[in-house]
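Fold and geometry: a report
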Amino acid sequence: MIIAGLLFADDLLVCSSKRDGLVRLLEVCRAEAKALKLTISMKKSMVVSPSTCTWDIVDTNNQVYDCFEKVCFYKYLGIETHNTMCRTSTAKQQKTVKAARRYRGACRYLSRRGPDVVDVSICSWRNVAIPAFLFGVETVAFSNANIEKLEKEQSRWAKETLNLPQYTPNVAAQLLLGAPPVRQLIYQQQMKYFMRLNSLPSTRAAAQALREHESGGWDSKYLRNIHDIQIELNMLQLPLDQECLNV
């Protein structure tokens, strides 16, 4: 299965494994845009590619009439994409850790303005901070080092909320404030998404992509991550319902 393009409002993303394919897709988009009396802005259009070739667009006379700027990073609808999946995953993990650090400070700031410091801090951390910095991690294989960094940020938040010294054991977040371990939340989110993919009709693009990972004959890092989670949790079989994975 190949997804050649994504369109949302006036933002368009086209994908191709070859340069000629991308040029052809651009020609199709230009033709459709012209029919709608629209134009494609070349200044805002960029190519993310690991190849070293140039991205000049030539006409039938082999004359260059446009040129794409090649970049190593691009953001589409808030989703950051790099020129390799490994870099995309690494960047997402780093961004998650930085976001957790910022939200830790934000929760502490908000709690000082509430009637009860602890209650406001717990509410903002669990209902705002955690969903925010764990947004979009369903397919990201987190390293143990980055998970430990996230756990550390949660522990610092708990100690600051309770005015505990920094040498207090890190389990204070779980024992005293009832905050689930971040590792548990990541695994829960990823396993729920995997179960959702398995339950989708075969006509859905996401379901077809999963089938390709399962039968494509390559080493799927996504499926390897799911397998590692199942081994760590001793989950020999998937539960019958996603609700069984709730914290």
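The structure reproduced in this document is the subject of the present report.

Parameters and conventions
Residues numbered from 1 in each chain as written. Predicted model: local features only at pLDDT ≥ 70, side-chain atom pairs only at ≥ 80, totals over all residues. Heavy atoms only, no water. Phe/Tyr/Trp six-rings, centres within 6.5 Å; stacked < 30°, edge-to-face > 60°. Buried < 20%, exposed > 50% of the residue type's maximum accessible area, 1.4 Å probe, protein only. Helix = DSSP H or I, 4+ residues; strand = E, 2+ residues; numbered from the N terminus. Core = buried A, V, L, I, M, F, W, Y, C linked by side-chain atoms within 4.5 Å. Contact = heavy atoms within 4.5 Å. Expected span 1.5 Å × (residues − 1). Lys, Arg positive; Asp, Glu negative; His and termini not counted. Salt bridge = Lys/Arg side-chain N within 4 Å of Asp/Glu carboxyl O. Polar contact = N/O pair within 3.5 Å; in protein donor to acceptor, adjacent residues only side chain to side chain.

1. Some remarks on the packing of aromatic side chains
Under the definition given, this model contains 3 aromatic pairs. Ring geometry for Trp 125 and Phe 133: centres 5.6 Å apart, planes at 50 degrees, overall tilted. We note that Trp 125, like Phe 133, is buried. With a centroid separation of 5.0 Å and 10 degrees between ring planes, the pair formed by Trp 125 and Trp 157 is classed as stacked. Placement of the pair is Trp 125 in helix H3 (residues 117-133) and Trp 157 in helix H4 (residues 144-162), with a sequence separation of 32 residues. The exposure class of Trp 157 is buried, given its relative accessible area of 0%. Cluster of aromatic residues (ring-pair linked, three or more members): Trp 125, Phe 133 and Trp 157.

2. Here's the deal with the nonpolar core
Core analysis: the largest hydrophobic core is formed by 34 residues, its most contacted members being Trp 125, Phe 133, Leu 134, Phe 142, Leu 150, Trp 157 and Ile 186. By residue number, the principal contributor to this core is helix H6 (residues 182-199), which donates 7 residues. Setting aside chain neighbours within four positions, we find Leu 150 in contact with Thr 96, Val 97, Ala 100, Phe 133, Phe 142, Val 182 and Ile 186. Residues Leu 26, Val 47, Trp 55 and Phe 68 belong to the second largest nonpolar core, which totals 6 residues.

3. What about H6?
When the terminal C-alpha atoms of H6 are compared, their 26 Å separation across 18 residues agrees well with the 26 Å that a helix rising 1.5 Å per residue should span. Residues of H6 that are buried include every one of Val 182, Arg 183, Leu 185, Ile 186, Tyr 187, Gln 188, Gln 190, Met 191, Phe 194, Met 195 and Leu 197, and no others.

4. Some remarks on the side chain of Lys 159
Locating Lys 159 in the fold gives a position in helix H4. Buried charge without a salt bridge: Lys 159, with Glu 160 as the nearest opposite-charge side chain at an N-O distance of 9.6 Å. Polar side-chain contacts of Lys 159 include one of 2.8 Å to the side chain of Asn 170.

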